[in-house]
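Letter by letter, the chains look like this.
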Amino acid sequence: MTLQLKAIAKDYTVRGTTTRALDGIDLEIALGDFVCVVGASGSGKSTLLSLIAGLTPPSEGMITLDGDAVTGPGPDRGLVFQHGALYPWRSVERNVAFGLELLSLDKEERARRVDWYLEETGLAGLRKSLPKQLSGGQKQRVAIARALACEPEVLLLDEPFGALDVQTKEDMQVLIRQVWTDTGTTVLMVTHDVEEAVFLGRRVVVLASDPGRVAADITVELPGERDLSVKRTPEFLALRASIEDLVREQHRGHVGLS
Ligand code: ADP
């Protein structure tokens, strides 16, 4: 499987004025990879994810998954937003089952998947709870379990931990790396947090702003098996600093500072 973006551009027209949010995006993401996209606010990170999710069409270019053109949302791409958007009247297990009800699976397979992904995301003890009874981190676990239960080829994460406190965020980072190792799902994650991108990604793509373009595509040369202590190693800190500089440079260039 590869996800391919070829010469992608996206324009938004608001009250007769057209702005180019993304331009000339060429990206290829291989099966099983973990790619993080970073960039200043407004550089087009969310737009990029929406295009891949099929929520909005590109103005130019073509997106393919396994050679098939992406023309709308589909179960092969699972999406998680910053605020999980759970169904408030459904219990945790019924939220996780939601996407499965739309797939033609038999009852046993549906139940097996719900059990497995609740276990994988540490939610087995909360399966009967309602979203309003959960913490922010627990809600995001449900959103991740719900996306994973459909066993998508690509998991698309849009700032999924952006609203969480530092401790919970680190727990979730460890969780998502574990899920990635256990399931082999391809992950594409948008974040403004460079530390998070370097910790999680095997590749970090830096977007430049106005219009959003790929400014750098960096392979993270850190051990495949990482725990949180890697964040304190000199290699990690150096890579993090150089990518933060790159993001800052792109932003300064964009707003005309020197
Ligand atoms: P990021 O996720 O990096 O903050 P976005 O993808 O949200 O960037 O936005 C990129 C650019 O596109 C910004 O200039 C933003 O104002 C514009 N934009 C995003 N979504 C829309 C929309 N639905 N309508 C009009 N302009 C939009």
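Details of the structure are given in the entry above.
Computed from a predicted model, the values in this text were never measured in an experiment.

1. Describing the site of the ligand
Thought 1: In the vicinity of the ligand, the residues found are Tyr-12, Val-14, Ala-21, Ala-40, Ser-41, Gly-42, Ser-43, Gly-44, Lys-45, Ser-46 and Thr-47.
Thought 2: Here an oxygen atom of the ligand sits 2.8 Å away from a polar atom, N or O, in the main chain of Ser-46.
Thought 3: For the ligand, an oxygen atom lies 2.5 Å from a polar atom in the side chain of Thr-47.
Thought 4: With the chains in place, 57% of the 560 Å² that the ligand exposes on its own is no longer accessible.
Thought 5: Mapped onto the shell around the ligand, the elements with two or more residues apiece are strand E1 (2-14) and helix H1 (45-53).
Thought 6: The dominant element in the shell around the ligand, judged by the number of residues it contributes, is H1, at 3 residues.
Thought 7: Of the residues assigned to the shell around the ligand, the class counts are 4 nonpolar, 6 polar and 1 charged.

2. Considerations on the sheet that holds E1
Thought 1: If you trace the 4 strands from one edge of the open sheet to the other, you get E2-E1-E4-E5, paired in antiparallel fashion. This sheet does not close on itself; its edge strands, each paired only once, are strand E2 (17-30) and strand E5 (68-69).
Thought 2: When strand E4 (residues 60-65) meets E5, the two strands line up antiparallel, connected through 2 bridges. Opposite Leu-65, over in E5, you have Asp-68 as the bridge partner.
Thought 3: Here H1 sits on the sheet in contact with E1, E2 and E4, set at roughly 115 degrees to E1.

Conventions we followed
Residues numbered from 1 in each chain as written. Predicted model: local features only at pLDDT ≥ 70, side-chain atom pairs only at ≥ 80, totals over all residues. Heavy atoms only, no water. Near = heavy atom within 4 Å. Polar contact = N/O pair within 3.5 Å; in protein donor to acceptor, adjacent residues only side chain to side chain. Areas by Shrake-Rupley, 256 points an atom, 1.4 Å probe, with all protein chains shown as cover. Helix = DSSP H or I, 4+ residues; strand = E, 2+ residues; numbered from the N terminus. Nonpolar A, V, L, I, M, F, W, Y, C, P; charged D, E, K, R; others polar. Pairing = 2+ DSSP bridges. Contact = heavy atoms within 4.5 Å. Axes fitted to C-alpha atoms, helices over the stretch in contact; angles between N-to-C directions.

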